[in-house]
Amino acid sequence: MEYNRKQDGVIVLKDGTVFYGKSIGIAGTAYGEICFNTGTTGYQEVFTDPSYFGQIMLSTNAHIGNYGINNDEVDSDGIKIAGLVCKNFSVNYSRPNANGSLFDYLADQNIVVISDVDTRALTSYIRDNGAMNAIISTDGKSIDELKAILDDLPSMEGLELSSKVSTKETYFYGSPEATYKVSVLDFGVKTSILRCLEERDCYVKVYPYNTSYEDLLEFSPDGIFLSNGPGDPKALADTGVLNVVKQVVDGDLPVFGICLGHQLICLSQDVSTFKMFSGHRGVNHPVLNEITKRGEITSQNHGFAVRRDQLENHPTLEITHSHLNDNTVAGVRMKNKDIFSVQYHPESSPGPHDSRYLFDDFVANMKKLKGA
């Protein structure tokens, strides 16, 4: 496929607003919830993050593609975003250790991209009007055709998507000779999370999202990890997953949850979730650790959060981290168990490493259990 910008591209939002741009040469139509990411680097990790499944990514950074792609910087088995909207798309790249161009990477997986968009105006519009469904097209469909397709799309609220990205079969990650064994319930786990566990002397077995509690225990794990993932956490309650999480929390093993895993831990303790207006997505989100009173700059990607008012004076959970921009809950822990979770990405792929200590805390809890 050849890069060119001759074909017009169009973005139609659920409320009927239309933005225009140019195709980079990949013809097609894509749809999903449009959301923006404020990161200035790490686009490959973002595009391959399973938590973005079903979403059209709007990049606020002015340049995309300028450092190409690298085979070591993927966070799943392929691109998970539904489509991409950006300002300047670069087919040329200058990083010495790049394995190829972003254009070829996107074209090989048939990801629709619209560039030359006024991304500042589009981002401001979403900030003012909220994240919503959108459709992007580079194949000549009319606005009326696109609006008709858009009218039939389900809202992200109430949508169960973990089944679309979770592994179908169990698999192992790390060395069998490692000191600790961890069962991972995969709602859309990132490879970089597994790498962080491996680096801390953990041998990991990854299970499909709908695995039973008994099967999670057959590995004789020292701890259980509940992963990140896409979609509405409340939608998983109807699949039986929440019952499994309740069993995990009621058990005696250390537990660590990230993002969707964090939300499910809270749901298991009767703390409800809500859809955020525009969500948190980027690598510069400030968080306060309420225990140490230290600030952290974090990588975040979520459109749902748990309710702070239901956590205050909660009998079993306490708030450990708060988002400093809007005071949403960024982390919790059980009061009498070695179970904790956060609403952000401490594996920092991409992003700063301020929060990687959380993996160390999880390992410390497993070490304490093994020493008991």
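Use the structure listed above.
Residues numbered from 1 in each chain as written. Predicted model: local features only at pLDDT ≥ 70, side-chain atom pairs only at ≥ 80, totals over all residues. Heavy atoms only, no water.

Draft legend 1. A look at the overall build of the chain. In terms of helices and strands, the chain carries 11 helices and 19 strands. Rg of the C-alpha trace for the chain: 21 Å, near the compact-globule value of 21 Å for 372 residues, within the 12% margin. Each of the three principal axes of the chain carries a C-alpha extent, and together these read 65 × 45 × 40 Å. Across the 372 residues of the chain, 58% fall into the buried class. Contacts in the chain between residues far apart in sequence, at least 24 positions, make up 72% of those at least 6 positions apart. A distance of 3 Å separates the average location of the 33 positive side-chain charges in the chain from that of its 48 negative side-chain charges. (Helix = DSSP H or I, 4+ residues; strand = E, 2+ residues; numbered from the N terminus. Rg over C-alpha atoms; globule rule 2.2 N^0.38 Å. Buried < 20%, exposed > 50% of the residue type's maximum accessible area, 1.4 Å probe, protein only. Contact = heavy atoms within 4.5 Å. Lys, Arg positive; Asp, Glu negative; His and termini not counted. Charge placed at Lys NZ, Arg CZ, Asp CG, Glu CD.)

Draft legend 2. Structural context of the sheet that holds strand E6 (residues 83–85). Taken in spatial order, the seven strands close into a barrel running E1-E2-E8-E6-E4-E3-E9, and their pairing is mixed. Going across the sheet, the axis of each strand differs from the next one's by a mean of 35 degrees, ignoring polarity. Where strand E4 (residues 55–59) meets E6, three bridges bridge the pair, whose relative direction is parallel. Residue isoleucine 56 lies in a different strand from E6, and its bridge partner there is glycine 83. Set on the sheet, helix H4 (residues 143–151) makes contact with strand E1 (8–13), strand E2 (18–23), strand E3 (29–37) and strand E9 (132–137); between it and E1 the angle comes to about 40 degrees. (Pairing = 2+ DSSP bridges. Axes fitted to C-alpha atoms, helices over the stretch in contact; angles between N-to-C directions.)

Draft legend 3. Structural view of the sheet that holds strand E10 (residues 171–173). Ordered in space as E10-E12-E11-E13-E14-E19-E18-E17-E15-E16, the 10 strands form an open sheet in which the pairing is mixed. The open sheet has two free edges, formed respectively by E10 and strand E16 (295–306), since each of these has just one partner strand. Strand after strand, the sheet turns through a mean of 25 degrees between neighbouring axes, direction not considered. Of the pairings in the sheet, the one linking strand E18 (residues 329–334) to strand E19 (residues 339–342) comprises three bridges and is antiparallel in character. Looking at the pairing, valine 332 lines up with serine 341 of E19. Across the sheet, helix H9 (residues 260–268) lies against strand E13 (223–226), strand E14 (255–258), strand E15 (273–289), E16, strand E17 (317–323), E18 and E19, angled at about 120 degrees from E14, the strand it touches most.

Draft legend 4. Spotlight on the pairing of E4. Where burial is concerned, most of E4 is hidden: five out of the five residues are buried. Of the two faces of E4, the one carrying Gln55, Met57 and Ser59 and the one carrying Ile56 and Leu58 are both buried. Pairing geometry for E3 and E4, over five bridges, is parallel. Bridge pairing in E4 links cysteine 35 to methionine 57.

Draft legend 5. The arrangement of the environment of asparagine 336 in detail. On the secondary structure map, asparagine 336 appears in the loop between E18 and E19. According to the relative accessible area criterion, asparagine 336 is exposed, its value standing at 76%. It is 30 Å that separates the C-alpha atoms of asparagine 336 and serine 192, two residues lying 144 residues apart in sequence.

Draft legend 6. Layout of the packing of aromatic side chains. Summed over the entire model, instances satisfying the criterion amount to 10 aromatic pairs. When the ring of phenylalanine 172 is compared with that of tyrosine 203, the centres are 5.4 Å apart and the planes differ by 10 degrees; the resulting orientation is stacked. With phenylalanine 172 in strand E10 and tyrosine 203 in strand E12 (residues 202–207), the pair connects residues that are 31 residues apart, well separated along the chain. Judged by relative accessible area, which is 13%, tyrosine 203 ranks as buried. Plain terms: the ring middles of phenylalanine 172 and phenylalanine 219 are 5.9 Å apart, the flat faces sit at 55 degrees to each other, and that makes the pair tilted. Taken together, the positions of phenylalanine 172 in strand E10 and phenylalanine 219 in the loop between helix H7 (213–217) and E13 put the pair 47 residues apart, joining distant regions of the chain. Ring pairing ties together the aromatic residues Phe225, Phe256, Phe340, Phe359 and Phe362, which thus form one cluster. (Phe/Tyr/Trp six-rings, centres within 6.5 Å; stacked < 30°, edge-to-face > 60°.)

Draft legend 7. Region of the structure containing the pattern of salt bridges. For the structure on display, the rule yields 14 salt bridges. With a closest N to O distance of 2.8 Å, aspartate 360 and arginine 200 form a salt bridge. Of this pair, aspartate 360 sits in helix H11 (residues 357–371) while arginine 200 sits in the loop between helix H6 (191–198) and E12, and the two are 160 residues apart along the sequence. For aspartate 360, a relative accessible area of 40% corresponds to the partly exposed category. Accessibility expressed as a relative area gives 17% for arginine 200, which makes it buried. In the salt-bridge network here, residues are joined through shared partners; they are Asp75, Lys190 and Glu347. (Salt bridge = Lys/Arg side-chain N within 4 Å of Asp/Glu carboxyl O.)

Treat this as a map of the structure, not an account of what it does.
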